[in-house]
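Spelled out, the chains give:
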Amino acid sequence: MVLEHLISVGATRVGYIAPDDYGVTRARYRGAKRAADAAGISLEWVPIQAMDVAAGVEVGQRLVRSGLPFDGLATANDLVGIGLLRALREAKVPVPGEVAVVGYDDLDRSQDLPIPLTSVRQPKEELGALALEMLISERSREPHRHSSRVLLPELAPRASTAPLRVGRS
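1. Topic: the overall build of the protein
Within the protein, the regular secondary structure consists of five helices and six strands. Helices (α) and strands (β) of the protein occur, in sequence order from the N terminus, as α-β-α-β-α-β-α-β-β-α-β. Taking the principal axes of the C-alpha coordinates as reference, the protein spans close to 65 × 35 × 25 Å. In the protein, which comprises 169 residues, the share counted as buried stands at 41%. By sequence separation, contacts in the protein at least 24 residues apart represent 76% of the contacts at least 6 residues apart. In the structure as shown, the protein presents an accessible area of about 9,600 Å², 54% of it carried by carbon and sulfur atoms.

2. Comments concerning the environment of Arg149
For Arg149, the position within the fold is in the loop between helix H5 (124-139) and strand S6 (154-156). Between the C-alpha atoms of Arg149 and Arg109, which are 40 residues apart in sequence, the distance is 29 Å.

3. So, a nonpolar patch on the surface
Where nonpolar side chains cluster on the molecular surface, the patch consists of Leu132, Leu135 and Ile136 and spans about 300 Å² of accessible area. Secondary-structure assignment places Leu132 in helix H5.

4. What about the sheet that holds strand S1 (residues 13-18)?
Strand order in the open sheet formed by six strands is S2-S1-S3-S4-S5-S6, with mixed pairing between adjacent strands. Either end of the sheet is taken by a strand with one partner, and the two such strands are strand S2 (42-47) and S6. Across the sheet, the mean angle from the axis of one strand to that of its neighbour is 20°, orientation sign disregarded. One ladder, built from three bridges, connects strand S5 (residues 118-121) with S6; its direction is antiparallel. The residue of S6 that forms the bridge with Arg121 is Glu154. In this fold helix H3 (residues 53-65) packs onto S1, S2 and strand S3 (72-75), with an angle of close to 125° to the strand it touches most, S2.

5. Quick notes on the packing of aromatic side chains
Applying the stated criterion across every chain yields a total of three aromatic pairs. With a centroid separation of 5.8 Å and 40° between ring planes, the pair formed by Tyr16 and Tyr29 is classed as tilted. Pair noted here: Tyr16 is in strand S1 and Tyr29 is in helix H2 (residues 23-39), with a separation of 13 residues, a long-range link. On the basis of relative accessible area, Tyr29 is assigned to the buried category, the value being 18%. Seen from their ring centres, Tyr29 and Trp45 are 4.8 Å apart, and the 45° between their planes marks the pair as tilted. Here Trp45 lies in strand S2 and Tyr29 lies in helix H2, a separation of 16 residues in the sequence. Here Arg28 stacks its cationic end above the ring of Tyr104, 3.5 Å away from the centre of that ring.

Calculation notes
Residues numbered from 1 in each chain as written. Predicted model: local features only at pLDDT ≥ 70, side-chain atom pairs only at ≥ 80, totals over all residues. Heavy atoms only, no water. Helix = DSSP H or I, 4+ residues; strand = E, 2+ residues; numbered from the N terminus. Buried < 20%, exposed > 50% of the residue type's maximum accessible area, 1.4 Å probe, protein only. Contact = heavy atoms within 4.5 Å. Areas by Shrake-Rupley, 256 points an atom, 1.4 Å probe, with all protein chains shown as cover. Patch = residues over 30% accessible without salt bridge, like charges linked within 9 Å, V, L, I, M, F, W, Y side chains within 5 Å. Salt bridge = Lys/Arg side-chain N within 4 Å of Asp/Glu carboxyl O. Pairing = 2+ DSSP bridges. Axes fitted to C-alpha atoms, helices over the stretch in contact; angles between N-to-C directions. Phe/Tyr/Trp six-rings, centres within 6.5 Å; stacked < 30°, edge-to-face > 60°. Lys NZ or Arg CZ within 6 Å of the ring centre and 35° of its normal.

That's the geometry; what it means functionally is another story.
Structure, rendered in structure tokens:
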């Protein structure tokens with residue numbers, strides 16, 4: 001979903017910013033890699049050590065120093081995205097003019113930033129209700145079957161991913 005959105009705004013060189021020691025970040029990367037390969041665009045994992053604002057600032061500064069080799073950036077969560085936006089703003093890199101940025105979790109504050117952050121929204125209420133239902137079922141003495149459910153997230157597009165300028169190399 002994120003890669004399709006970044007492609008739709010003109011990104012062709014995408015960095016995936018996430019720790020590599022979490023199963024969920026590896027699974028997201030595999031899905032993004034399939035989408036990137038199908039679209040014929042590049043996707044590179046940019047490892048970070050933490051999933052907080054400070055990690056986003058640090059990786060943003062590192063990317064700017066290296067010449068910002070990406071025109072699309074997908075982050076492990078909104079906190080990393082917020083820090084990344086801060087570093088790009090301080091380096092005067094136009095977002096979304098030169099680079100589009102997407103977070104994950106759709107924190108309330110993500111929409112209140114100077115450049116509102118596009119983010120992936122999870123169905124939190126349904127997730128919480130299912131977790132409670134599963135916990136109650138597990139704690140009851142009644143026989144029950146273990147099951148799993150997949151809840152689909154949705155994209156909350158905002159200004160951080162408006163169409164990129166044409167002609168950026």
